[in-house]
Structures are given as structure tokens and as C-alpha cells.
Amino acid sequence: MLPLAKSEVLDNLTSAVLVCNDALQVCYMNPAAEDLFRSSDKHSAGAVIESLLYHDGSTAWDGLQEIFSTGQSITKRAAMFRIRDGSEVVADLTASLEPLSNHLVIELQPINRLLRINRDDHSLFSQETTRELVRGLAHEIKNPLGGLRGAAQLLQRELGDNELTEYTRIIINEADRLTELVDRMLGPNSKPQIGQVNVHEVIEHVLRLVDAELGGRIEFVRDYDPSVPDICADAAQLVQALLNITRNAGQALQHTRHPRIALKTRAVRQFTIGPTLHRLVAQIDITDNGPGISEDMLNRIWFPMISGRPDGTGLGLAITQAIIGQHNGMIECSSRPGATCFSVFLPFDDNATLATKSEAQVGE
């Protein structure tokens, strides 16, 4: 136990603090540490630190025992580890010996949020840059395609030979195909029909579609939070966005034994998307147990025409990102073998704000 005054000081810190004995058993855990490890001080008392962690080979906690013999403090920047439920934590870790009590004091300052905000800012900038590039390319491509198609139509009228008109039909069909491809790269170009949408109904509709497409060979695991309220969204577009992600997950499981896709929903408070701190957002996690996405591909999957499959068009995730962006939301992806998770975050914005932004984007 800690002296009352010292305990009160630590209780008010925003950084997580653990106090351990020389057997690395937890003697005290402040409220911030309770939140971080998702375990109470009372429940964790006497437990060894390892019991709070997910054993994935992380070296973040190495060297603690040696502090008792050397008295030398250690500091680790951006230490990565997983807590017991598998959630990843990135934190600055400092461990030092309290000489009077001979207890180890471990302070953790989580930086997941800061890293995520920085990553999201970079992602949003990249998305906007890509969107501007695609817009410019679309304009440069569609104009000559329109002229090419028109010229082929005029030539077709002048030709009397059916064999020759077959060539003009090929030109017209290919021009139409390329125009459609460019339109798909641009994403949704119709005004969203905003209304109250139940995310669980949308997910269930998506699962029925994917289950039918893949012949019922995939196990779907549902972990829904019934307290998640309805969101303001275009139901059809939201179905398309989640369908693209879930379909990709299903296709990635072709060679996986016991293929499984887990769907989880949660309401998350005080969540930052871009420059805006939202009071409440809906989080939808779609996780498959496939082989995972390579690290170099993970940074490029959102760009148009980039696909990890030989037969992929590379447009599904780009379109999904455009749809979620129209809804003021964002997508994150984390992947390792056996666990690839796409997380969709959608704020509970009012209809007027969302409709105004959507109209502006469509009119661009």
C-alpha cells in the first residue's frame, strides 16, 4: 500500500502509473493505469505484470527486474506492447526505483492518440492530393474520349460495310469502358440521400450479400453494442462502403482454414477525425483471420488502381474511402498474419451539416 498523500497525487496524474515489488507484482495502479490496462487496482493487486500483457514477443518490458540490483532507471520511447485483450499500446515508458520503499515505479504516457492524429493528418492530406490528381486526370482523359467516341459514331454512320462498322463499335465500347472506369475512380457523384441509419441493419445486409457470394463457407462472428445510436448517412452508400471491405476480407480468406470474419461495433467518446474532436462516433471493426497485408502494401491500399490481388481493380477501397469521407468519417487499417482489421469511424453529425458538406463535394 502507498501512503495516502502519495496515492492521492498519483491518482490525479493523467499518465498511467504502476507500483511493483521486487517480484514485479502490482502493489498499486492509478486510475489512468486502470483505463490503460482495462483492469481495476483491486483486481490487479498482487498480480505479476506479465498477467496484464498479451504475450506477443514484445521487448517493451524487458530489463525491469535488473533495476532492483542496479538502481539504474530506464526510459523507452514509443515502446509497443499489447495488453491482455490484444489491444496495441504505444507509450513512453519510464521505470525507476523508489529508494525508501524499494518499490519499482513505472510511468506510462500513451502516445497512440498522438501518433494516430499525426498519421490521420498525413492520410487526409494524401487523400486530398490523390483526389485532386484523379480529378485532373479525369478531365484530361474524358475530354479526348468524348471526342474519340463522337468521331467513331460519325464514321459509323458514313460506313456502309458492316465489317468496317464492327471496328467503330469497338472504339465506342472501349471509350465507354474507359469513361466508366474514370467515373469509378472519382467515386460517388450523386447527392447522398441522408437519413437515420441503423448501422447493425446495414452490417447484417452486407453479411447476407457476402455470405451468398462466397457460398456460406465463412463464419461470421458478431460483437454488436446495442447502445450505438442511429447515424446520419446514405444507407445505400454505407452498404457499398462496408460491402467493399467485407468482400475483400472474404476474398483474402480463400486459402485460410476455418475462415472467419468478426464484426464489432462500439460507441467511442471524444474521438478526433482530422482537425475535429467529435463528442461521439460509431466504430465499426471488420476483422478477418487471413494471411494479412504486407507492410509496404498497407501504406498504398487506399490509392486508386493499387490492389494486392492479381485480378483486383484497386478501386474498391478508394471508393470506400471517398464514401466514408463524404460522411465526415475515416478508415484505419491494421494488419498482421491472422488478424487484419479495418476500422470505420462515423461521427453522429446532424443531417444539415452532413448534407451541406456532401452537396459541396458532389458539386466539385
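This text gives an overview of the structure that appears in the document. (Residues numbered from 1 in each chain as written. Predicted model: local features only at pLDDT ≥ 70, side-chain atom pairs only at ≥ 80, totals over all residues. Heavy atoms only, no water.)

Re the sheet that holds strand E12 (residues 339–347)
Rules: We treat two strands as partners when DSSP finds at least two bridges between them. Going along the chain from the N terminus, every DSSP run of H or I of four or more residues is numbered as a helix, and every run of E of two or more is numbered as a strand. Lines fitted to C-alpha atoms define the axes, with helix axes restricted to the stretch in contact, and inter-axis angles between N-to-C directions lie between 0 and 180 degrees. Note on contacts: a residue pair is in contact if any heavy atoms of the two residues lie within 4.5 Å.
Taken in spatial order, the five strands make up an open sheet running E7-E9-E10-E12-E11, and their pairing is mixed. Pairing within the sheet leaves two strands with one partner each, and these edge strands are strand E7 (219–223) and strand E11 (330–336). Across the sheet, the mean angle from the axis of one strand to that of its neighbour is 20°, orientation sign disregarded. Set on the sheet, helix H7 (residues 199–213) makes contact with E7, strand E9 (260–273) and strand E10 (276–288); between it and E7 the angle comes to about 175°. Its contacts with the sheet place helix H8 (residues 235–252) against E9, E10 and E12, and it is angled at close to 35° to E10.

Observations regarding the pattern of salt bridges
Should the charged atoms of two oppositely charged side chains come close, the side chains can pair. Quick note on the threshold: Salt bridges, as used here, are contacts in which a Lys or Arg side-chain nitrogen is within 4 Å of a carboxyl oxygen on Asp or Glu. Note on classification: 1.4 Å probe, protein chains only; a residue is buried when its accessible area is under 20% of the maximum for its type, exposed when over 50%, partly exposed between these limits.
Under the definition given, this model contains nine salt bridges. Of the charged contacts, one joins Arg82 and Glu88 as a salt bridge, the two residues approaching to 3.6 Å between their closest N and O atoms. For Arg82, a relative accessible area of 13% puts it in the buried group. Assessed through its relative accessible area of 39%, Glu88 is described here as partly exposed. In this structure, Glu204 and Arg222 form a salt bridge, with 2.6 Å as the shortest nitrogen-oxygen distance. Of the two residues, Glu204 sits in helix H7 while Arg222 sits in strand E7, which places them 18 residues apart along the sequence. Take Glu204: its relative accessible area is 22%, and that puts it in the partly exposed class.

Concerning the side chain of Arg82
Here Arg82 lies in strand E3 (residues 74–82). Among residues more than four places away in sequence, those in contact with Arg82 are Leu53, Tyr54, Asp56, Ser87, Glu88 and Arg336.

Considerations on the state of the cysteines
Let me state the cut-off plainly: Any pair of cysteine sulfurs within 2.5 Å is marked as a disulfide.
Within the structure shown, the criterion is met by zero disulfides. Here Cys20 is not cross-linked by a disulfide; its sulfur's nearest cysteine counterpart is in Cys27, at 6.6 Å. Here Cys333 is not disulfide-linked; the sulfur of Cys341 is the nearest cysteine sulfur, at 7.6 Å.

Quick look at the pairing of strand E4 (residues 88–98)
Residues in a regular strand point their side chains to alternate faces of the sheet. Two elements, E3 and E4, share seven bridges in a ladder whose sense is antiparallel. Each bridged residue has a counterpart across the sheet, and for Arg82 the counterpart in E4 is Glu88. Where E3 hands over to E4, the hairpin turn is made up of five residues, of which Gly86 adopts a positive phi near 95°. Here E4 runs beside strand E5 (residues 103–110); their pairing, made up of eight bridges, is antiparallel. Opposite Ala91, over in E5, you have Pro110 as the bridge partner. Connecting E4 to the antiparallel partner E5 that follows it, the hairpin turn spans four residues, and Asn102 within it adopts a positive phi of roughly 55°.

Re H7
Here is the rule we go by: Here a helix's expected span is defined as the number of its residues, less one, multiplied by 1.5 Å. This arc is built from the directions going out from the helix axis to the C-beta atoms. Side-chain atoms alone can form a polar contact between residues adjacent in sequence; in general such a contact is a pair of N or O atoms within 3.5 Å, and within protein one must be able to donate a hydrogen while the other accepts it.
Taking 1.5 Å of rise per residue, 15 residues should cover 21 Å, and H7 covers 21 Å from first to last C-alpha, within 8% of that figure. Of all the residues in H7, the buried ones are Val199, His200, Val202, Ile203, Val206, Leu207 and Val210. End-on, the buried residues of H7 take up no more than an arc of 150°, which puts them together on one face. In H7, the exposed positions that point more than 90 degrees away from the buried face belong to Glu201, Arg208 and Ala212. Tucked inside the fold, the buried residues of H7 contact strand E6 (194–197), E7, strand E8 (231–234), H8, E9 and E10. Capping the start of H7, Asn198 holds a side-chain oxygen 2.9 Å from the backbone nitrogen of His200, two or three residues further along. Positive phi shows up at Gly215, right after H7, with a value of about 70°.

Details of the side chain of Asn21
Mapped onto the elements of the fold, Asn21 is located in the loop between strand E1 (16–20) and strand E2 (26–29). According to the relative accessible area criterion, Asn21 is buried, its value standing at 18%. In this structure the side chain of Asn21 is engaged in a polar contact, spanning 2.9 Å, whose partner is the backbone nitrogen of Ala23. Setting aside residues no more than four positions away along its own chain, Asn21 makes contact with Cys27, Phe68 and His103.

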